[in-house]
Amino acid sequence: MAEPFVEIRKTCKPGEPRETCYEVYDGDTGGSLGLFPNAEAARQRADSMNGMTERETSKSLQRPTDEAEVE
């Protein structure tokens, strides 16, 4: 299995430290692929990105971690 490509991180909404959101994070490039208000929306985006990578590389990727904490 290849290393995870995209993961989901539970974090605070920018400018709203008391509000939770979910970041889809590209572990390969170290960049954010977007912030989402709920885990399901983030998971759909991460699955879409991972599926695209699996098709392009013909390698099976580990699925994103669930709600990895970001400080």
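Residues numbered from 1 in each chain as written. Predicted model: local features only at pLDDT ≥ 70, side-chain atom pairs only at ≥ 80, totals over all residues. Heavy atoms only, no water.

A.B. asks: Would you explain the overall build of the protein chain in this entry?
C.D. replies: The helix and strand inventory of the protein chain stands at one helix and four strands. The helix and strand sequence of the protein chain, counted from the amino end, reads β-β-β-α-β. Burial status across the protein chain gives 31% buried among its 71 residues. Summarising the internal contacts of the protein chain: among those between residues at least 6 apart in sequence, 34% fall at separations of at least 24. Looking at the protein chain as shown, the accessible area adds up to about 4700 Å², and 46% of this sits on carbon and sulfur atoms. (Helix = DSSP H or I, 4+ residues; strand = E, 2+ residues; numbered from the N terminus. Buried < 20%, exposed > 50% of the residue type's maximum accessible area, 1.4 Å probe, protein only. Contact = heavy atoms within 4.5 Å. Areas by Shrake-Rupley, 256 points an atom, 1.4 Å probe, with all protein chains shown as cover.)

A.B. asks: Teacher, can you tell me more about the packing of aromatic side chains here?
C.D. replies: One pass over the full model with this rule turns up zero aromatic pairs. Stacked on the ring of Tyr25, the Lys or Arg Arg9 has its end atom at 3.5 Å from the ring centre. (Phe/Tyr/Trp six-rings, centres within 6.5 Å; stacked < 30°, edge-to-face > 60°. Lys NZ or Arg CZ within 6 Å of the ring centre and 35° of its normal.)

A.B. asks: Help me understand the side chain of Asn50 in this model?
C.D. replies: Within the secondary structure, Asn50 sits in helix H1 (residues 39-57). A polar contact is formed between the side chain of Asn50 and the backbone nitrogen of Val6, at a distance of 3.3 Å. (Polar contact = N/O pair within 3.5 Å; in protein donor to acceptor, adjacent residues only side chain to side chain.)

A.B. asks: Looking at this model, I keep getting lost on the pattern of salt bridges. Mind explaining?
C.D. replies: Two side chains carrying opposite charge are able to pair once their charged atoms lie near each other. By the definition in use, this model includes two salt bridges. Of the charged contacts in the structure, one is a salt bridge between Glu7 and Arg9, with a shortest N-O distance of 3.0 Å. One salt bridge connects Glu19 with Lys13, and the closest N-O pair in it is separated by 3.8 Å. Its relative accessible area of 40% is what places Lys13 among the partly exposed residues. (Salt bridge = Lys/Arg side-chain N within 4 Å of Asp/Glu carboxyl O.)

A.B. asks: I keep staring at the state of the cysteines and nothing clicks. Help me out?
C.D. replies: In a disulfide, the sulfur atoms of two cysteines are covalently bonded to one another. Tallied over the entire structure, the rule returns zero disulfides. Note on Cys12: no disulfide assigned, nearest cysteine sulfur contributed by Cys21 at a separation of 7.5 Å. Cys12 gets classed as partly exposed once you look at its relative accessible area, which sits at 42%. Judged by its relative accessible area of 5%, Cys21 is buried. (Disulfide = S-S within 2.5 Å.)

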